[in-house]
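The residues making up each chain are set out below.
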Amino acid sequence: MFKIGDKIVYPMHGAGTIDSIEKKEFLGEVKDYFILKMPIGDMDISIPTSKINEMNIRDVITKEEGDEVLKILDDDPSDMSNNWTVRYRQNQEILKTGDIFEIAKMVRNLAILDNDKGLSTTEKKLLNRSRRILASELVMAGSLKKEEAEAMIDESIGL
């Protein structure tokens, strides 16, 4: 079980630090919630402690794993569907898993595709959200500032 001070990743939102545990009432039921402070976006997220094992929440990667993420970003793009709606659904599923290495591949592929051909507005939003999630974890793993993490991502992709 996680505790106050732990650095964790909440899929679809990114990495943050458990700041506190609070009791909150929702639909007439009082439950304990982890309050997750996010380094990017300056927001707090409430996560029910009873559901923590069902949500793909995990510890933040190590600095060495962060280096591996940067190598993935530097690789050539992998095959993706030519149909943007299929590609979008596949990428949404990747985000839900919270797998940082798969998210890095997705960010790389979408950034390269955007640079070459351009993306739909929906996919651009997905790319920006995915980059934020990736940056938040690199911030937490390497004690970086948001701007440094974003610059590292862009440099690795070659943008």
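Residues numbered from 1 in each chain as written. Predicted model: local features only at pLDDT ≥ 70, side-chain atom pairs only at ≥ 80, totals over all residues. Heavy atoms only, no water.

Remarks on the pattern of salt bridges
Counted according to the given criterion, the structure contains ten salt bridges. Notably, a salt bridge pairs K23 with D32, separated by 2.9 Å at the nearest N-O pair. Note on K23: relative accessible area 63%, which makes it exposed. Given the relative accessible area of 30%, D32 is considered partly exposed. Note that E93 and K96 form a salt bridge whose closest N and O atoms lie 3.3 Å from each other. Taken together, the positions of E93 and K96, both in helix α2 (residues 84-97) and three residues apart, correspond to about one turn of that helix. Of the residues examined, K96 reaches a relative accessible area of 43% and is grouped as partly exposed. (Salt bridge = Lys/Arg side-chain N within 4 Å of Asp/Glu carboxyl O. Buried < 20%, exposed > 50% of the residue type's maximum accessible area, 1.4 Å probe, protein only. Helix = DSSP H or I, 4+ residues; strand = E, 2+ residues; numbered from the N terminus.)

Focus on the side chain of R131
Relative to the assigned elements, R131 resides in helix α4 (residues 121-142). R131 gets classed as buried once you look at its relative accessible area, which sits at 18%. Residue contacts for R131: discarding those within four places in its chain leaves V107, E150, I153 and D154. (Contact = heavy atoms within 4.5 Å.)

Regarding the UniProt feature "domain: CarD-like/TRCF RNAP-interacting" (unreviewed entry) in the chain
The positions UniProt marks with the feature "domain: CarD-like/TRCF RNAP-interacting" (unreviewed entry) are residues 1-111. As annotated, residues 1-111 comprises 34% helix and 30% strand, and the C-alpha atoms at either end are separated by 36 Å. (UniProt positions renumbered as here; feature names shortened; annotations may be inferred.)

Observations concerning the pairing of strand β4 (residues 44-48)
Sheet topology note: the strand β3 (residues 29-37)/β4 ladder contains five bridges and is antiparallel. Note on β4: the bridge partner recorded for K37 is D44. Linking two consecutive strands that pair antiparallel, namely β3 and β4, is a turn of six residues; a positive phi of about 95° is found at G41 within it. (Pairing = 2+ DSSP bridges.)

Quick look at the nonpolar core
Across soluble globular proteins, you tend to see nonpolar side chains buried next to one another. Of all hydrophobic cores here, the largest spans 32 residues; its most connected members are V60, V69, L73, V107, L134, I153 and I157. Among the elements of the structure, α1 (63-74), α3 (100-116), α4 and α5 (146-157) are those that each provide at least two residues to this core. Both domains that meet at this core, namely domain 1 (6-59) and domain 2 (63-155), each give it at least three residues. Residues in contact with V107, not counting those within four places in the same chain, are L73, L127, S130, R131, L134, I153 and I157. Grouped together as the second largest cluster of nonpolar side chains are eleven residues, F2, I8, L36 and M38 included. (Core = buried A, V, L, I, M, F, W, Y, C linked by side-chain atoms within 4.5 Å. Domains from an automatic or database assignment.)

So, the sheet that holds strand β2 (residues 14-26)
The strand order β4-β3-β2-β1-β5 describes an open sheet built from five strands, whose pairing is antiparallel. Single-partner strands in this sheet number two, and they are β4 and β5 (58-59). Packing against the sheet, α4 makes contact with β1 (7-10), β2 and β5, and its axis sits at approximately 100° to β2. (Axes fitted to C-alpha atoms, helices over the stretch in contact; angles between N-to-C directions.)

Comments concerning unusual backbone geometry
One non-glycine residue, L27, lies in positive phi territory at about 55°. Non-glycine residue N56 carries a positive phi angle of around 60°. Turning to its location among the elements, N56 is positioned in the loop between β4 and β5.

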